[in-house]
Amino acid sequence: MKKVPIIDLRAVDEPGQIAALDAACRDHGFFLVSGHGADDAIGRMWQQASDFFSRPRSELRKIERTAEKPLGYFDRELTKRKRDLKQVFDFTRPLTDESGYNQWPEEMAAFRQGMSDYHEAMGTVAVQVMALLHRALGIDAEPMCGDPDTSTARLNYYPVDDPLSGEEQAINTELGDMALHHHTDPGLVTLLVQDDTGGLQTLSTDHGWIDVPPREGTIIVNLGDSVQAWSNDIYKAAVHRVLPMTERARMSTPYFYHPARDAIIEPHPQLALGQPHYRPFSWREFIQNRVDDNYADQGKEDTQVSKYRIA
Ligand SMILES: O=C(O)CCC(=O)C(=O)O
Ligand SMILES: [Fe+2]
């Protein structure tokens, strides 16, 4: 499938909508949704996010993410063992943040509320999106559910130039040739808002890399590894990347909808039909292995869902 279809959440019963979603999920794992009702929350979050990245790096680094405090600001993330040309801010559900790991910028009074409202709004859309996947796959029992409490959100800012000073560059992993290297997201689905700059691409089985073009008012959906395993490879975890920015900076804000903390991921019996492609695995173990290499190059690629594949 060469294109990324737009599914109107208010009109999913219209002819062709579920079929278009199904075809996209089999081929590359990306579709857009309109009619999602989250515009207000997105607008307020976006304003706060833009303000955040316009602040001096010295201020943002006061709330830097570390291996011990894995949420906050970061500007040296690695994907596929290369440094990405991006700055990020990560947070977990503010409403129920028991970990106390969230770090908020002191100087921005409305930031936390804006992020919280965005997280809640995306959680609502994610439930609708999961229902569509069940419908498209014909699953009517034992649904796979996500959990907003384990779901995280991220603000991505992709500058044109490396934000690291020459000295910092010398002691950090070198930049790769992408703003964000190709990868899959580990969870169920990712909901993503992007500005109108462009640069996001997904790997189509039939057509190679294709653009996921900006469409105002839509939320981008991409499938994660957990849906690929649960659907027994009927649906693809979307392989995606972001091209380097050449003229202006770009912003995007993914919401990563994750399984519950103690979830066991395995192919749904209605889809595995006695021939599961994956052995059951624990979400907690999978995500732990996956984040361990975000800070330092551990000399090998991070854990992929293929680890659990039955040969
Ligand atoms: O910036 C984008 O469009 C994609 C971001 C992404 O894939 C991620 O943060 O996992
Ligand atoms: Fe991603």
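About the criteria used
Residues numbered from 1 in each chain as written. Chains lettered and ligands numbered in written order. Predicted model: local features only at pLDDT ≥ 70, side-chain atom pairs only at ≥ 80, totals over all residues. Heavy atoms only, no water. UniProt positions renumbered as here; feature names shortened; annotations may be inferred. Axes fitted to C-alpha atoms, helices over the stretch in contact; angles between N-to-C directions. Helix = DSSP H or I, 4+ residues; strand = E, 2+ residues; numbered from the N terminus. Parallel < 35°, antiparallel > 145°, perpendicular 65-115°, else oblique. Contact = heavy atoms within 4.5 Å. Nonpolar A, V, L, I, M, F, W, Y, C, P; charged D, E, K, R; others polar. Pairing = 2+ DSSP bridges. Buried < 20%, exposed > 50% of the residue type's maximum accessible area, 1.4 Å probe, protein only. Donors = N, O, S within 2.8 Å, 3.2 Å for Na, K, Ca; no water.

As recorded by an unreviewed UniProt entry, the protein carries the name 2-oxoglutarate-dependent ethylene/succinate-forming enzyme and is attributed to Candidatus Litorirhabdus singularis. Turning to the protein, the UniProt record has this under Cofactor (unreviewed entry): "Fe(2+)". Looking at the Sequence similarities (unreviewed entry) heading of the UniProt record, one finds this comment for the protein: "Belongs to the iron/ascorbate-dependent oxidoreductase family."

To continue, consider the packing of helix H1 (residues 17–27) against helix H4 (residues 111–137). As a packed pair, H1 and H4 sit with axes 10 Å apart at the nearest point and diverge in direction by 90°. For the element pair H1 / H4, the angle class is roughly perpendicular. For the pair formed by H1 and H4, the contact residues are Ile18, Leu21, Asp22 and Cys25 on the first element and Leu132, Leu133, Arg135 and Ala136 on the second. When its residues are assigned to classes, the contact of H1 with H4 shows six nonpolar, no polar and two charged.

Unusually for a residue other than glycine, asparagine 232 sits at a positive phi of about 55°. Take asparagine 232: it is sitting in the loop between helix H6 (225–230) and strand E13 (240–242). Despite not being glycine, aspartate 233 has its phi angle at roughly 75°, a positive value. Within the element layout of this structure, aspartate 233 appears in the loop between H6 and E13.

Before going further, it helps to spend a moment on the pairing of strand E11 (residues 208–211). Of the strand pairs in this sheet, strand E10 (residues 200–204) and E11 are connected by four bridges, and their pairing is antiparallel. Counterpart to glutamine 201 in the pairing with E11 is aspartate 211.

Below, the discussion takes up the pairing of E10. Summarising burial for E10: four of the five residues are buried, a large majority. Where E10 lies against E13, three bridges are found, and the strand directions are antiparallel. The residue bridging threonine 202 from the neighbouring strand is histidine 240, located in E13. Counted between consecutive antiparallel strands, the loop separating E10 from E11 contains three residues.

Here the focus is the environment of leucine 203. Along the polypeptide, leucine 203 turns up in strand E10. Each residue touching leucine 203, except ones within four places of it in the same chain, is listed here: Asp27, His28, Gly208, Trp209 and Val239.

We now examine the coordination of the iron ion (ligand 2). The iron ion (ligand 2) binds to the protein through His183 (NE2), Asp185 (OD) and His240 (NE2), with metal-donor distances spanning 2.1 to 2.3 Å. Counting residues between consecutive donors of the iron ion (ligand 2) along the chain gives the motif H-x1-D-x54-H. On the criterion of sequence distance, the pair formed by aspartate 185 in the loop between strand E8 (180–183) and strand E9 (189–194) and histidine 240 in strand E13 is long-range, its members being 55 residues apart. The buried category is assigned to histidine 240, whose relative accessible area is 6%.

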